[in-house]
Each structure stands twice: as C-alpha cells, then as structure tokens.
Amino acid sequence: MGWMRGMGWRGAFLGVALTLLAAGCTTPQPGPGPGPDAGPEPSSSPSAPPPEPEPEPEPWADRPVVDLRFAVAEDLDTVVGRERILFTPDLPTCELVFRAWPNKPATSVAGNSLVVTEVRLEDRAVGFRDIAAGAPADAPAGTLVEVPLGECAAAGDQIEVELDFQLELGEDTNERVGTSGTEEVAWFATAFPLLAWERGRGWDRGPAVPVTGEMAVSEDFELSLAVAAPSGLDVLSTGTPIGTSDGPDGTTVHRFTSPAVRDVAVSVGEFDVAEREIAGVRVRVAADQGVAAADPSDWLDQIEESTRDLVDLLGPFPFPDLSVTVLSAQTSGIEFPGAIQFGDVDPQGRRGLVAHELAHMWFYGRVGNDQGAHPWIDESFATFAQMVSGGDDLPDAPVVRDGAPPVGAPMSYWTGFRRPSSVYYETVYIRGGAALVAAREQAGRDEFDAALADYLRENAYSLATPEDVEEAFADLPEVLTALREVGALP
C-alpha cells in the first residue's frame, strides 16, 4: 500500500535510508577485455544447446472458484452482494472462516461496513458466528465470520457455500472503500467475505488493528464477477472485462473474469477514461470529475514509464489487464491484483508512489503473503523495486540502528507506538526496502536479480513466508545478513 499521506517517499526517508551494510561494497564491474595485441581468441568446443526454458508457474489446481455479484444502489451509498464459493481444503476442517475487512478500524470509523445476512451450505441456510476480531465496539459487525460445517470435511472434499451480504459506504473515505460527497463515484475493494484459508496452515484469524495498512491474507481464486450499476456510469474492476448486458431497474451488468486473483477492487461512477496497451497489458485509467492534478493521459504516461522499468527488473507483468482509478477523495495509493486506487496527485511528481503500487502486482499480486503476520514481504520488496526501478538517489543514513523496531514484526506489533502508522511505514517500507537495496549492492546486482527472479517464479500463486525468502537467497549470505540485521528474518 502506498499510504504516503501528503508526502513523497523522499521526505519520509530522511534519517532512515541507505548506507551499505559493510565497507568496500560495490557492484562488480567487468574486467578489461583483451588488448589490441592479444591475438585471436582460443578455439573452444562446440557450444552446448541452450537450456530448456523454465516452465511458467501455474495456479493451484484446487484453488477456490468464486462467483461474486454486486448490485450498486442508485445513490452509490450501498451495495448488495452475493458470493458463491466452491472450496476444496487441503487439510481437514470443521468450519469455514471469512474476513469482513471493511469493518476494520481505519474504514469502519468513516461509516463503512460489511454485514453478512445469510449463509447457505449446499443450498441449506445455516447459522454463523460474527466475531469482532479487532472491529470497533460500535461497528455493526466484526471482521471475522465463522461458519460451522456441522460435519467436518476431509482434505480434498469440495464444499459449496453461498453468502449474502450488504455494504454501507462511508463518505470521502481515504481508504479502500467509500463514496464521494461531491462526485458521482463509489469504490469498494476487499469488500466481500474473503475466504481466509492458507494452504498447509489452515484458517487465518488474526485481529484487525488500528494501523493504516493491509492485514488481509487470501490464496488465489478463480473469479467470475458481475457488477450491476446504474446505466451510464463506468465500472472498473479487477479482472478482464468480458461484456455488459441490460440489468433490472435501469442498471447495466458489467462482467469480469480472472483465472487467479486473491482480491477484488471495483470502482463505479462518472469518470474520464483513457486506455492504452503497455508492455502487453491493457491499462485503463479512470479519473472522477473532481480530479485536478493530472488527466488520465498523464497517468498513462507515468504508468508506462514505471511499468517498463519494473518489467526490466522483475519480468513480465503478472496480469493481462490493469484498472487504475484516480479519486479526488483520496491522497495516496492502494494496490490490488490487477487494480490500483490513486489519490488526486501529480503522477510525475509522485513517480515513486506510482512505481510502488505497480510493484505490488508482483509482490502480493503474483507472490502473496500474510499481510497481518509478515507485512514486510510485500511492502519492503515493493519499496525496493520502487527505489531500484526509479533510479532514485538514496540519502546517506544508516539502515541498521540500535534499538530500531524489527522490519519483520506483524501488524499487531505497531499498535504499541504513539504514532503507529508512521513508525510502521518508516520501518517496514523504508528501512526494509533500503536494506534490500543495500543487500543487492553487496551480493552483486546480477546475482541478486537472478535469485529474486527464482523467488518470484517459485512462489507464484502462493503465500510466501520468511522461510521462502531465506531459501531463495540461501546462496547469497550477504542478503540474509542484511535482512537479519534489520529484523526481517529471525
């Protein structure tokens, strides 16, 4: 998440960023070539055939199948939803667990809520438990919904569940869900009952905390999405648009699909829209009518520049479509698989923000993680990619500081500080990203980038852990030392 409220990362970086973690660490340079009198090159044996290309990673074969439907009210203040899931656990389970993240403190305080109204198993209505799990005391519902199965399911059993729910959207929320008080626009992301299963580990029940940042976890799922919205309004979403049809009562149904995503973001409203193909990706930018800092073509220009730099560093863009919504009620940026919400900022002046949110398409979009337990695995790596791909100079200040908080701490850790969101950002984003930049210089850029490419390939479509990071860089001890010194790895 690029929640840098009102500032670029440069300002927040002062006093925190990069000094190499050991003396004499420079990027290896190629040695001199043969001189003019060196004579012909010695003959060599015939070259071996090129190695077979690495197979492309495939999504989890038994990933959940999610059919999600939203009906947006004419005033854009409320949404009625229905979700149908086919779920095949890889461990025995006696219940289902869903997260209702609009009820977390940062969004609930602005009047947003998600309330599950009915649950059906195999078309039979069943009871469920609504649990606060960090939601404010006055919130209409908790952040955790448990559905007892009645009869426990074995690993490999398919479970069919359907949930009805209602969304209330708060006015001018500077977060992932909300509606505008002045413009005809609404946005809602991570705004459905999110199946909280982690392969090989089971259910995530970590509480929401009052820190600005993500704390969700979800495996990839196959998505079929339908959004019924007032006719004449634009709809942008995660996934590939596959057409529209007439809906009831003056609505148009917009349909999207994706073979593997771990979250969904939707924007509905009166937008100025521009589209461009960038690095093989269809990119749509929609700005609401109150946006003043830049128009959609300006956004596309900066997205194109940043995307090409990131593709050079990280490999092909992970999604065939990217939807970008620019909202006058917001001030920063929030990422989702194949979708980004930006505030009303100048994209060229905030190019670091643009690069950061785009980098999340690889870090959390393609390679997921438990954002509540290990937020650094996506945020530190996204900040690293932002720094390296943008070519930004880094102020000369130490990464390793006595008594500094650990980069690898969970979201719950930061609630103990007077300014929890600021300390979290300065530590996990800035120090974590800077430590990775320093480690890359120490280990050698080519060596680091090769290990990073292996990490992205080996952990695609899964939830990475600190142990996966450690395994990926096992042959580069400089990287592991750097991450241990800032407390990212134990």
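The coordinates are above.
Everything quoted here is computed from the prediction, not taken from an experiment. Starting from 1, residues in each chain are numbered consecutively following that chain's sequence as written. pLDDT decides what is reported in this predicted model: residues at 70 or higher carry local features, side-chain atom pairs at 80 or more are listed and counted, and totals for whole chains, interfaces and linings draw on all residues regardless. Remark: hydrogens and water are excluded; side-chain values derive from all non-hydrogen atoms of the structure.

1. What about the pattern of salt bridges?
Item 1. The rule for a salt bridge is simple: a side-chain nitrogen of Lys or Arg has to be within 4 Å of a carboxyl oxygen of Asp or Glu. Scanning the entire structure with this criterion turns up 28 salt bridges.
Item 2. Where aspartate 454 meets arginine 457, a salt bridge forms, and the shortest distance between an N and an O atom there is 2.3 Å. Within this pair, aspartate 454 and its partner arginine 457 are both found in helix 7 (residues 445-458), separated by three residues, close to a single helical turn.
Item 3. Per-residue accessibility, obtained with a 1.4 Å probe over protein chains only, is compared with the maximum for each type, and a residue is labelled buried under 20%, exposed over 50%, and partly exposed between these values. What makes arginine 457 partly exposed here is its relative accessible area of 24%.
Item 4. Through salt bridges with shared partners, one network takes in Arg82, Glu118, Arg120, Glu162 and Asp164. Only DSSP runs of H or I with at least four residues qualify as helices, and only runs of E with at least two residues qualify as strands; both kinds are numbered from the N terminus onward.

2. A few points about the state of the cysteines
Cysteine pairs can be linked by a disulfide, which is a covalent bond between their two sulfur atoms.
Item 1. Cysteine sulfurs are considered disulfide-paired once they come within 2.5 Å of each other. Going through the model one piece at a time under the given rule, you end up with one disulfide.
Item 2. One disulfide bridge connects cysteine 94 with cysteine 152, the sulfur atoms lying 1.9 Å from each other. Judged by the torsion about the S-S bond (100°), the cysteine 94/cysteine 152 disulfide is right-handed. Within this pair, whereas cysteine 94 is found in strand 3 (residues 93-99), its partner cysteine 152 is found in strand 7 (residues 144-153), the two being separated by 58 residues in sequence.
Item 3. Residue classification places cysteine 94 among the partly exposed positions, given a relative accessible area of 36%.
Item 4. The class for cysteine 152 is partly exposed, based on a relative accessible area of 45%.

3. Focus on a negative patch on the surface
Item 1. A contiguous patch of negative charge on the surface is contributed by Glu74, Asp75, Asp77, Glu168, Glu171, Asp172, Glu184, Glu270, Asp272, Asp295, Asp298 and Asp346.
Item 2. Its location among the elements puts aspartate 75 in the loop between strand 1 (65-72) and strand 2 (78-87). Here the term patch refers to residues with relative accessible area over 30% and no salt bridge, with like charges joined within 9 Å and nonpolar side chains (Val, Leu, Ile, Met, Phe, Trp, Tyr) within 5 Å. A 1.4 Å probe and the Shrake-Rupley method give the accessible areas. Residues count as covered only by the protein chains that appear here. Neither His nor the chain ends contribute to the count of charged residues, in which Lys and Arg are positive and Asp and Glu negative. Charge positions come from single atoms, namely NZ of Lys, CZ of Arg, CG of Asp or CD of Glu.

4. With respect to the environment of proline 375
Item 1. Looking at the secondary structure, you find proline 375 in the loop between strand 24 (367-369) and helix 5 (376-390).
Item 2. You can call proline 375 buried: its relative accessible area is 1%.
Item 3. Residues proline 375 and methionine 215 lie 160 residues apart in sequence; the distance between their C-alpha atoms is 7.5 Å.
Item 4. Residues contacting proline 375, with those up to four places away along its chain left out, are Asn369, Asp370, Ala409, Pro410, Met411, Tyr424 and Val428. Two residues qualify as a contact provided that any one of their heavy atoms is within 4.5 Å of a heavy atom in the partner residue.

5. Digging into the sheet that holds strand 16 (residues 240-246)
Item 1. Two strands are said to pair when DSSP picks up at least two bridges between them. As summarised here, the arrangement of the eight strands in space is 5-4-8-2-1-14-17-16, forming an open sheet in which the pairing is mixed. The strands lining the two open edges of the sheet, one partner per strand, are strand 5 (124-126) and strand 16. Along the sheet, successive strands turn relative to each other by an average axial angle of 20°, direction set aside. Here, axes are lines fitted to C-alpha atoms. For helices the fit covers the stretch in contact, and angles between N-to-C directions go from 0 to 180 degrees.

6. Examining helix 7
Count 3.6 residues to each turn of an α-helix, and residues three or four apart come out pointing the same way.
Item 1. Expected helix span is computed as 1.5 Å times (number of residues minus one). Across its 14 residues, helix 7 extends 20 Å between first and last C-alpha, which sits within 8% of the 20 Å expected from 1.5 Å per residue.
Item 2. Residues Phe448, Asp449, Ala451, Leu452, Tyr455 and Leu456 constitute the buried set of helix 7. Down the axis of helix 7, the buried set is contained in an arc of 160°. They therefore lie on one face. Turned more than 90 degrees away from the buried face of helix 7, the exposed residues are Asp446 and Glu458. Our arc is simply the arc of the directions from the helix axis toward the C-beta atoms.

7. Regarding helix 9 (residues 477-485)
Item 1. Of the positions making up helix 9, those classed as buried are Val479, Leu480, Ala482 and Leu483. End-on view of helix 9: buried residues confined to an arc of 160°, all on one side of the axis.
Item 2. Of the surrounding elements, those touching the buried residues of helix 9 are helix 5, helix 6 (420-443), helix 7 and helix 8 (466-472).
Item 3. Just downstream of helix 9 lies glycine 487, where phi reads positive at about 80°.

8. Points about the packing of helix 3 (residues 296-314) against helix 5
Item 1. Axis separation between helix 3 and helix 5 bottoms out at 9 Å; the angle between their running directions is 110°. In terms of axis orientation, helix 3 runs roughly perpendicular to helix 5. Between helix 3, through Asp309, Leu310, Leu313 and Leu314, and helix 5, the contact on the second element is made entirely by Phe384, Ala385, Val388 and Ser389.
Item 2. Just so you know the grouping, Ala, Val, Leu, Ile, Met, Phe, Trp, Tyr, Cys and Pro go in nonpolar, Asp, Glu, Lys and Arg go in charged, and all remaining residues, Gly too, go in polar. Looking at the contact of helix 3 with helix 5 residue by residue, the class counts come to six nonpolar, one polar and one charged. An angle below 35 degrees is read as roughly parallel, one above 145 as roughly antiparallel, one from 65 to 115 as roughly perpendicular, and any other as oblique.

9. Re the sheet that holds strand 18 (residues 265-269)
Item 1. Read across the open sheet, the four strands follow the order 9-10-18-15; overall the sheet is antiparallel. Each end of this open sheet is capped by a strand with a single partner; those strands are strand 9 (177-179) and strand 15 (234-237). With direction set aside, neighbouring strand axes in the sheet form an average angle of 10°.
Item 2. Examined bridge by bridge, strand 9 and strand 10 (residues 185-189) share three bridges and lie antiparallel to one another. Residue pairing for strand 10: valine 177 is matched across the bridge by phenylalanine 188.

10. Observations concerning the nonpolar core
Item 1. If you look at the biggest cluster of nonpolar residues, it comprises 127 residues, and the most contacted ones within it are Phe70 and Phe188.
Item 2. Among the elements that take part in this core, helix 6 stands out by supplying 11 residues, more than any other.
Item 3. The contacts of phenylalanine 188, once residues within four sequence positions are left out, are Phe70, Val72, Val79, Leu167, Leu169, Arg176, Val177, Val264, Ala265, Val266 and Val268.
Item 4. Leu236, Phe271, Leu327 and Ala329 belong to the second-largest nonpolar core, a separate cluster that totals seven residues. Take the buried residues of types Ala, Val, Leu, Ile, Met, Phe, Trp, Tyr and Cys, join any two whose side-chain atoms come within 4.5 Å, and each joined set is a nonpolar core.

11. Quick word on the packing of helix 3 against helix 4 (residues 351-359)
Item 1. It is the contact of helix 3 with helix 4, at a shortest axis distance of 9 Å, that shows an interaxial angle of 60°. Judged on the interaxial angle alone, helix 4 and helix 3 are oblique. Handedness of the crossing formed by helix 3 with helix 4: right-handed. From helix 3, Trp299, Gln302, Ile303, Glu305, Ser306, Thr307 and Leu310 reach across to helix 4, where they touch Arg351, Val354, Ala355, Leu358 and Ala359. Crossings are classed by handedness, with left-handed meaning an anticlockwise turn of the near helix from the far one by less than a right angle and right-handed meaning a clockwise turn.

12. A few points about the side chain of histidine 360
Item 1. For histidine 360, the position within the fold is in the loop between helix 4 and strand 24.
Item 2. Within 3.5 Å is the distance limit for a polar contact, defined as a pair of N or O atoms, with the added protein rule that one can donate a hydrogen and the other accept it, and that residues adjacent in sequence qualify only through two side-chain atoms. Within the structure, histidine 360 has its side chain in polar contact with the side chain of histidine 356 (distance 3.2 Å).
Item 3. From its side chain, histidine 360 meets the backbone oxygen of phenylalanine 363 in a polar contact 3.0 Å long.

13. Considerations on the environment of aspartate 449
Item 1. Assignment of secondary structure puts aspartate 449 in helix 7.
Item 2. Once the C-alpha coordinates of aspartate 449 and leucine 313 are considered, the two residues, 136 residues apart in sequence, prove to be 7.4 Å apart.
Item 3. With near-sequence residues (within four places) excluded, aspartate 449 lies in contact with Leu313 and Arg440.
Item 4. One polar contact links aspartate 449 to arginine 440, side chain to side chain, over a distance of 2.8 Å.

Interpretation note: all reported values are geometric properties and have no functional meaning in isolation.
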